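The chain contents come next:
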Amino acid sequence: MRLTGAVVLVTGASSGIGAAVVRRLARDGSHVVAAGRDAARLDRLASETGATTLLTDLSRPHAGRELAERALARHARVDVLVNNAGLGWAGPFGGMADPLADELLAVNLRAPIELTRALLPSMCHRGGHLVFVGSIAGRLGVDGEAVYAATKAGLDAFAQSLRLELASRHVAVSMVVPGVVDTPFFARRGQPYRRRIPRPLAPERVADALADAILRDRAEVYVPGWLRLPVAVRGVLPAVYRRLASRFG
């Protein structure tokens, strides 16, 4: 799909990966609709890129469907949907309050499903591209992030299933699987990133990979690419992977 002239809806656009994606696609000539829940950040992004902004809270019931309706009211069509919005939480599962678990499930999984369901019928008539921003946590699991990892694994399975279902409908599906990215995500999850290796990536690197996935119709992209290795080891040698994960985290 060409990005020039395409109408692209990006969720989680207030900061981090989402904001970097908005900037990248705006440079490529897309008509970007940036959705997020920080009004001040969205205003600055609009001034910088010319993007249309929609203030939304995807944790609310039916927020995905409502966002789709508002985006279509602005542009009449959405050619590319980037399901990027996500929340994290780190700590022992037993210490996680029920409202926090519900919020992660709503934003990370329910809202993308609702949003996709609302926009997919028109894409099937015209063609389109669905992009899902997952996480290496969803492919491997992460100590202390059980619910977050589960939501990303669910998003991953949803995207893979849709890819098979839509193969003959002219709607492409891409999954972007980033590792550690230098964004406010870690501060917001309640626990900073403390490891020296791997070093956090710039969000612009993920945005470039995402744009490439759209242009080249790539089914999945790891950022960085070497993340395929632990996923492959887990798939082929699960016992070995578990031993290594127990030792090195």
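Asks: Hey, could you run me through helix 8 (residues 203–216) in this one?
Replies: What sets the pattern is the α-helix's 3.6 residues per turn: residues three or four places apart point alike. Look at helix 8: 20 Å from first C-alpha to last across 14 residues, which is about the 20 Å you get at 1.5 Å a residue. When helix 8 is considered as a whole, its buried residues turn out to be Pro 203, Val 206, Ala 207, Ala 209, Leu 210, Ala 211, Asp 212, Ala 213 and Ile 214. Of the surrounding secondary structure, the elements contacted by the buried residues of helix 8 are helix 1 (16–27), strand 4 (80–83), strand 5 (128–133), strand 6 (171–178) and strand 7 (220–223). One or two steps after helix 8, the chain reaches Asp 217, where phi turns positive at roughly 50°.

Asks: Before we go on, may I ask you to explain the pattern of salt bridges in this structure?
Replies: Under the definition given, this model contains 15 salt bridges. For Arg 24, the salt bridge identified is with Asp 28, shortest N-O distance 2.8 Å. For Asp 212, the salt bridge goes to Arg 216, with nearest N and O atoms at 2.5 Å. Linking Asp 212 with Arg 216, this pair stays in helix 8, spanning four residues, or about one helical turn. The exposure class assigned to Arg 216 is exposed, which follows from its relative accessible area of 61%.

Asks: Whenever I open this one, the side chain of Glu 114 confuses me. Can you help?
Replies: Structurally, Glu 114 is set in helix 4 (residues 98–126). Here Glu 114 falls in the buried class, since its relative accessible area comes to 19%. Excluding its chain neighbours within four sequence positions, the residues that come into contact with Glu 114 are His 62, Ala 63, Gly 64 and Arg 65.

Asks: I would appreciate a short explanation of the packing of aromatic side chains in the present structure.
Replies: For any two aromatic rings, the description comes down to two numbers: the centre-to-centre distance and the angle of the planes. Inspection of the entire model under this criterion finds one aromatic pair. Relative to Phe 158, the ring of Phe 132 lies with its centre 5.7 Å away and its plane at 85°, an arrangement referred to as edge-to-face. Linking Phe 132 in strand 5 with Phe 158 in helix 6 (residues 146–165), this pair joins segments that are 26 residues apart in sequence. Residues Phe 132 and Phe 158 agree in their burial class; the two are buried.

Asks: Help me out: how do you make sense of the pairing of strand 3 (residues 52–55) in this one?
Replies: Within a regular beta strand, the side chains point alternately toward one face of the sheet and then the other, so they alternate between its two faces. Burial along strand 3 is one-sided: Thr 52 and Leu 54 are buried, while Thr 53 and Leu 55, pointing the other way, are not. Across four bridges, the pairing between strand 2 (residues 31–36) and strand 3 is parallel. Counted as the bridge partner of Ala 35 is Leu 54 from strand 3. Assessed by its sense of winding, the connection that carries the chain from strand 2 through helix 2 (residues 39–49) to strand 3 is right-handed.

Asks: Is there a simple way to explain the environment of His 125 in this structure?
Replies: Take His 125: it is sitting in helix 4. Between the alpha carbons of His 125 and Arg 60 there is a distance of 29 Å; along the sequence they are 65 residues apart.

Asks: Is there a simple way to explain the sheet that holds strand 4 in this structure?
Replies: Strands pair in a sheet through their backbones, by hydrogen bonds, and they do so in one of two ways: parallel or antiparallel. Reading across from one edge, 3-2-1-4-5-6-7 is the order of the seven strands in this open sheet, with parallel pairing throughout. On the outer flanks of this sheet lie strand 3 and strand 7, each paired with one strand and no other. Adjacent strand axes in the sheet meet at a mean angle of 15° when their direction is disregarded. For strand 1 (residues 7–10) and strand 2, the ladder comprises four bridges, and the chain directions are parallel. From the neighbouring strand, Leu 9 faces strand 2, where its bridge partner is Val 33. Where helix 3 (residues 63–75) meets the sheet, it contacts strand 1, strand 2 and strand 3, and its direction lies at approximately 155° from that of strand 3. Sheet strands in contact with helix 6 are strand 5 and strand 6, and its direction is about 155° off that of strand 6.

Asks: Would you mind going over the environment of Leu 120 with me for this structure?
Replies: Among the structural elements, Leu 120 can be located in helix 4. You can call Leu 120 buried: its relative accessible area is 13%. Distance in space between the C-alpha atoms of Leu 120 and Asp 102 is 25 Å, their sequence separation being 18 residues. Apart from residues lying up to four places away in sequence, Leu 120 is in contact with Leu 130, Leu 166 and Val 171.

About the criteria used
- Residues numbered from 1 in each chain as written.
- Predicted model: local features only at pLDDT ≥ 70, side-chain atom pairs only at ≥ 80, totals over all residues.
- Heavy atoms only, no water.
- Helix = DSSP H or I, 4+ residues; strand = E, 2+ residues; numbered from the N terminus.
- Expected span 1.5 Å × (residues − 1).
- Buried < 20%, exposed > 50% of the residue type's maximum accessible area, 1.4 Å probe, protein only.
- Contact = heavy atoms within 4.5 Å.
- Salt bridge = Lys/Arg side-chain N within 4 Å of Asp/Glu carboxyl O.
- Phe/Tyr/Trp six-rings, centres within 6.5 Å; stacked < 30°, edge-to-face > 60°.
- Pairing = 2+ DSSP bridges.
- Right-handed = clockwise from strand over helix to strand, strands pointing away.
- Axes fitted to C-alpha atoms, helices over the stretch in contact; angles between N-to-C directions.

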